[in-house]
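Structure at a glance
Here is what each chain is made of, one letter per residue.
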Amino acid sequence: MKFLSLSSRRFLLLVLVAISSPLAAFATDMDRNSDGYSVGAFPHHVEVADFNGDRHLDLAIPSSASREVTVMLGDGKGGFSSIRNYPVGQGPTWVAIADFNGDGHLDLVTCNAGEGSLTLYHGDGRGGFSGRRDIEGVGGANSLVVGDFNLDGHPDLALALVASSQVQVLRNGGGGRFDHLPPHGVDTAPHIIDSADLNGDGHSDVIVGSLGTHTLTVFLSRDDGSFHPPSASKVGRFPHYRGYGDFNGDGHLDAVVAVSGEEAIQLLLGDGRGGLKPLPLIRVGVNPHGLVAGEFTGDGHMDVAVANRTSKDLAVFRGDGRGGLKETFRTRIGEDVITLALGDFNEDGRSDLVLILASAGKVRIYTGDGQGRFIPIGNPEHR
């Protein structure tokens, strides 16, 4: 695994900022308008959960230029009944959701890339959050993911440390108190970290995309919370967001990744043992970033939606259940969409999309028609 000099790390951080943070004027009002909901300046990520137990889907969105995380409580009709901001550390780029203190309520933690910290809030089960606590000593962390890596029933955290090209696990000792475990080396410039059970053993494995080497690195979990030696798969240039599912019907989990440097997405077939075999690139649009995988059409096959930041459109690819993906829908967004999330927000039994508009500082909900098309709420075509 490779490590960077101090000067190289500074240069890399500038490059990552340039990739993720185009200059723009940011909306700051919290009012609903005709093209979405305003949140903080440069929202960067989104997580979906039910924070208040009303069975409606809610959102948590960190805004990296506003030092805040926005919690939006869903109304079950595709809108939001409450929107509140909570202050966090400098440069929040990521958020993770879990019951960290074991009280039965969902909590949230942000990754504050600007100051090398995490900010933890405990939920009250009614949609509110309090008891802010900052966790220091995670310099260079730009994304994080939840997993019970040592199978003790407490959700742990795994972080991608871009400055040192490492992955670090913070072990939850119970009550939301975290211990820093020794880091693991990973390929240069780890960018997005996530978790999936790639070998079917019931344990959370960790997958990291590295911008410096254009690889996906897999860390398979052991029973004690440690990892087997990592394995890396070469993919297209600049891997960003990923989705997981069984795309070819062999019973093994596969991955699909947006590779922005190729203007493409790429499917990687899993072998059931943690290995990922890259397939040929599928062209999508200019600078693809946000990506989700799910079943959009009711045929039982995995599909993919991808947002292209520079061409400012959304494309949907329908899966054939044999590893094939064919574009079946494209719509103009007109904004810089940095990431997507999936859920049934109007509770009609069909998958909807959350779009995070980075430069505009807004959130839009696009409702699905069950046939692979997505239309913004408020559009005349919407029913």
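For the structure given in this document, a descriptive report is provided here. The shown structure was predicted, so the numbers you read here are calculated from the model rather than taken from an experiment.

**As for the overall build of the protein chain**
For the protein chain, the count of helices and strands is 1 helix and 32 strands. Expressed as a percentage of its 383 residues, the buried residues of the protein chain come to 56%. Contacts spanning at least 24 positions in sequence make up 42% of the contacts within the protein chain whose residues lie at least 6 apart.

**Topic: the nonpolar core**
In this structure, Leu-118, Leu-144, Leu-157, Leu-159 and Ile-265 are the most contacted members of the largest nonpolar core, which totals 34 residues. When near neighbours in sequence (up to four residues on either side) are disregarded, Leu-144 contacts Trp-94, Val-95, Ala-96, Val-109, Cys-111, Leu-118, Leu-157, Ala-158, Leu-159 and Ile-193. By size, the runner-up hydrophobic cluster in this structure holds 17 residues, among which are Phe-42, Leu-59, Ile-338 and Ile-365.

**A word on the sheet that holds strand β19 (residues 231-234)**
Pairing within the open sheet is antiparallel, and its 4 strands lie in the order β16-β17-β18-β19. Bordering the open sheet on either side are β16 (190-196) and β19, each of which pairs with just one other strand. The mean angle between the axes of side-by-side strands here comes to 20°, regardless of whether they run parallel or antiparallel. Pairing of strand β17 (residues 205-210) with strand β18 (residues 215-219), which is carried by 5 bridges, proceeds in the antiparallel orientation. Residue Val-206 lies in a different strand from β18, and its bridge partner there is Phe-219.

**What about the side chain of Ser-210?**
Mapped onto the secondary structure, Ser-210 falls in strand β17. A relative accessible area of 0% means that Ser-210 is categorised as buried. Within the structure, Ser-210 has its side chain in polar contact with the backbone oxygen of Asp-187 (distance 3.1 Å). Ignoring any residue separated from it by four or fewer positions in sequence, one finds Ser-210 in contact with Val-186, Asp-187, Thr-188, Ala-189, Pro-190, Thr-215 and Pro-239.

What counts and how
- Residues numbered from 1 in each chain as written.
- Predicted model: local features only at pLDDT ≥ 70, side-chain atom pairs only at ≥ 80, totals over all residues.
- Heavy atoms only, no water.
- Helix = DSSP H or I, 4+ residues; strand = E, 2+ residues; numbered from the N terminus.
- Buried < 20%, exposed > 50% of the residue type's maximum accessible area, 1.4 Å probe, protein only.
- Contact = heavy atoms within 4.5 Å.
- Core = buried A, V, L, I, M, F, W, Y, C linked by side-chain atoms within 4.5 Å.
- Pairing = 2+ DSSP bridges.
- Axes fitted to C-alpha atoms, helices over the stretch in contact; angles between N-to-C directions.
- Polar contact = N/O pair within 3.5 Å; in protein donor to acceptor, adjacent residues only side chain to side chain.

Distances and angles like these do not, on their own, reveal function.
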